[in-house]
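Residue-level structure breakdown
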Amino acid sequence: MSDDTTRRGSLHAAQPWLIPAAMLALWFAASESGAIPAYLLPHPVQISGAAYGYLFGSPGGMPYAGRFWEDFTSSIVRVGLGFGFAVAVGIPAGFFSGRRALVNRLISNTINALRAVPGISWLPLAMVWFGIGLKTTVFLVALAAFFPIYLNTASGVRQVNPIYFQAGAMLGIPPVRGIFTILLPAAMPQIITGLRLGLGIAWAYLVLGELTGVPNGLGAVIMDARMLGRIDMIVVGIILIAVLGRVSDLLLHQFMRFCFKSARRLS
Amino acid sequence: MKSRLKLISPAPAAPPRQRILEIRGLSKTFSGAGAFQKVLDGIDVDVVRGEMICILGRSGCGKTTLLNILAGFIPPTAGRLLLDGRPVSRPGPDRCVVFQEDALFPWLTVEENIAFGLRAPQRSLRPEVERFLALVGLTEFRSYLPREISGGMKQRVALARVLILKPAVLLMDEPFAALDAQTREEMQNLLLALWEALNHTILFVTHDVAEAVKMADRILLMDQNPGRIREEIRVGLPRPREKEAGHFLSLCRDLLAKLRG
């Protein structure tokens, strides 16, 4: 029996990697057989070489060599600041919108209209307002991450079973304490969903913000590589953003589970 | 076990027939879609300290509304409500409720749910939580989450988390209606044992005639449309009451006839 469960356990651990492995194998086969020419999609070996140079090469030796840590730092600061603003505004706004009908009537119409505007339409305006660089990117990231955080927080706190408030009131919990001990814990699963969606979209808008003339950042590398015709560096940039996006999602989830009982026990 | 519990928590040194809750001319009218519906009409009740009162009525007679008003969840349209001589208007731990549905906090363990209403720092409440865990027989399940325990156990937690606050009046809204017959009987016996040990005043809403006869000192029989108290029946049967006894059954038959009639 224990043999069986360990086998199933290792199978479960392997399952998330099956699709990436299959994609890699397919890519390898297509490049080896020449089905896809290298100018469209370079060979995986060439990509890993480019990635190695970008991550671990000594700066100045070749274009992009050893630049990763600088780009990474700039990008992570932009994502972190933008996401931070989105959380700081989105959770309170969602909270009041979900609990107070007046607030909801006042702001939900406007927010849902703005939500329909694609991020790229904000880009020219943001550049006029904030110039090229950190501020524009942070603005775009914050704007994009705000909507899923706001919407999920609002719907999460709106759907909390009213009997929990009655129970809290009759147990003598004052309303303000009830927000932190009843309302937010009960809404926690949806708040986490909003944060995860927000962080995911933050990475997408990071690249948009970095497309325009900033000297560093993962998005800047991708745009730069397009100008120079370095398809391999574009692919490296894409893979690195995918990896960082997934890792940050896992870290966010673990952080919430570490901080909040309700995050550990309800999701 | 019973006598030891009494030592820990001596009966309040109050005179035996002291009035604790006074309900005078209580009415409730709901309005909606242009229509008014009188749900409760002129309810008068005096509750004596330590009494177990059952409010018996068919579903829809307004007994849950009455309980919600007593708890302070909704205001009455007219009438007065005095607890220990003072008017009550909002919910509070002096009038605790055990709900029919599961109202435990699903992100808290059994132990944390029981300690939820307590104010003092964690260390000083330990013995209290310990004691109430033992009283409802859940010491071994203290670290379970509500979703991991049965319906009967959930109602034990619901009972413990309010009893620990020592409410002046305990309000119970068909608390055992969703349980199977055997568990319901166990819970009734548990409640009676706790009531005898801790001397609470209990208002117990039910539509189950046998439950009312088993539990109550007094039964208030409610009419519907509008909800009125039609009759008060004093249950003189000695405790513990056997559900198979002749007096028990004949009282049940009488009540059932009145309820239908």
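Residues numbered from 1 in each chain as written. Chains lettered and ligands numbered in written order. Predicted model: local features only at pLDDT ≥ 70, side-chain atom pairs only at ≥ 80, totals over all residues.

1. With respect to the overall build of chain A
Heads up, the condition is: Where helices and strands are cited, they refer to DSSP runs of H or I of at least four residues and of E of at least two residues respectively, numbered from the N terminus.
If you tally the helices and strands in chain A, you get eleven helices and zero strands. Counting from the amino terminus, helix and strand elements in chain A follow one another as α-α-α-α-α-α-α-α-α-α-α. Projected onto its principal axes, the C-alpha positions of chain A cover 70 × 65 × 30 Å.

2. As for the sheet that holds strand E7 (residues 169-173) of chain B
Residue and element names in this part refer to chain B. What counts, and what does not: DSSP-based pairing: two strands are paired if at least 2 bridges between them are found. To get an axis, a line is fitted to the C-alpha atoms, and for a helix only the part in contact is used. The angle between two axes follows their N-to-C directions and goes from 0 to 180 degrees.
What the six strands build is an open sheet, ordered E6-E7-E8-E3-E9-E10; its pairing is mixed. Every interior strand has two partners, whereas the edge strands, strand E6 (95-98) and strand E10 (228-234), have only one. Averaged over all neighbouring strand pairs, the angle between strand axes comes to 20 degrees, with direction disregarded. In terms of strand pairing, E6 meets E7 through four bridges, oriented parallel. If you follow Cys-96 over to E7, its bridge partner there is Leu-170.

3. Quick word on the confidence of the model for chain B
Note: predicted coordinates in regions of low pLDDT should not be interpreted at a detailed level. Residues and elements named next belong to chain B. The condition is simple: pLDDT is a per-residue confidence score from the predictor, ranging from 0 to 100. By definition, residues are in contact whenever their C-beta atoms, placed on the basis of the backbone, come within 7 Å of each other.
Residue-level pLDDT values for chain B average 87, and 92% of them are 70 or greater. Below a pLDDT of 50 lies the segment residues 1-10, which in the model reaches six contacts outside its immediate sequence neighbourhood of four places, other chains included. Scored as a whole, the predicted complex attains pTM 0.85, and scored at its interfaces, ipTM 0.85.

4. A short note on the environment of B:Phe30
Residue and element names in this part refer to chain B. Looking at the secondary structure, you find Phe-30 in strand E1 (residues 19-32). Separated by 28 residues in the primary sequence, Phe-30 and Arg-58 place their C-alpha atoms 19 Å from one another. With residues near it in sequence (within four places) discarded, Phe-30 still touches Gln-37 and Val-39.

5. A look at the environment of B:Val205
All names here are of chain B. Spelled out, the test is: Counting other C-beta atoms within 10 Å of each residue's C-beta, where C-beta atoms are placed from the backbone, gives the exposure class: buried for 20 or more, exposed for 12 or fewer, partly exposed between.
Structurally, Val-205 can be placed in strand E8 (residues 201-206). Judged by local crowding, Val-205 falls into the buried class, with 25 C-beta atoms found within 10 Å. Apart from residues no more than four positions distant in its own chain, Val-205 is found in contact with Ile-55, Lys-63, Thr-64, Leu-67, Met-172, Asp-173 and Glu-174.

6. Remarks on the interface of chain B and chain A
For clarity, the cut-off: For this classification, the nonpolar set comprises Ala, Val, Leu, Ile, Met, Phe, Trp, Tyr, Cys and Pro, the charged set comprises Asp, Glu, Lys and Arg, and every other residue, Gly included, is treated as polar.
Taken together, the contact between chain B and chain A spans 19 residues of the former and 14 residues of the latter. In terms of residues, the side of chain B that touches chain A owes the most to one element, E6(B), which gives three residues. Of the residues assigned to the side of chain B that touches chain A, the class counts are 14 nonpolar, two polar and three charged.

7. Here's the deal with the nonpolar core
Put simply, the rule reads: Think of a nonpolar core as buried Ala, Val, Leu, Ile, Met, Phe, Trp, Tyr and Cys residues chained together by C-beta atoms that fall within 7 Å.
In terms of nonpolar packing, the biggest core is built from 130 residues, with A:Val141, A:Ala145, A:Ala202, B:Ile53, B:Leu56, B:Ala160 and B:Leu171 touching the most fellow members. A total of 16 residues in this core trace back to one element, the largest contributor, which is helix H8 (residues 175-210) of chain A. When sequence neighbours within four positions are dropped, the list of residues in contact with B:Ala160 reads B:Ile114, B:Phe132, B:Leu133, B:Leu135 and B:Val136.

8. A look at the packing of helix H6 (residues 134-158) of chain A against H8(A)
Residue and element names in this part refer to chain A. Put simply, the rule is: Any angle that falls under 35 degrees is termed roughly parallel, while one over 145 is termed roughly antiparallel, one within 65 to 115 roughly perpendicular, and all others oblique. The handedness criterion is simple: a crossing whose near helix is rotated anticlockwise from the far helix by less than a right angle is left-handed, and one whose near helix is rotated clockwise is right-handed.
Contact geometry of H6 with H8 gives a least axis separation of 7 Å together with a crossing angle of 160 degrees. Overall, the two elements H6 and H8 adopt an arrangement that is roughly antiparallel. Our pair here, H6 against H8, has a crossing hand that is right-handed.

9. Considerations on the pairing of E7(B)
Residues and elements named next belong to chain B. Most of E7 sits out of view: five of its five residues are buried. Residue alternation in E7 divides its side chains into two sets, Val-169, Leu-171 and Asp-173 and Leu-170 and Met-172, and both sets are buried. Judged from the five bridges that link them, E7 and E8 form a sheet pairing that is parallel. Along E8, the bridge assignment pairs Leu-170 with Ile-202.

10. Observations regarding the sheet that holds strand E4 (residues 78-83) of chain B
Residue and element names in this part refer to chain B. Here four strands make up an open sheet; going across it, the order is E2-E1-E4-E5 and the pairing antiparallel. Two strands lie at the open edges of the sheet, namely strand E2 (35-48) and strand E5 (86-87), each paired on one side alone. In terms of strand pairing, E1 meets E4 through five bridges, oriented antiparallel. The partner of Ser-27 across the bridge, within E4, is Ala-78. Running at roughly 65 degrees to E2, helix H2 (residues 63-71) makes contact with E1, E2 and E4 of the sheet.

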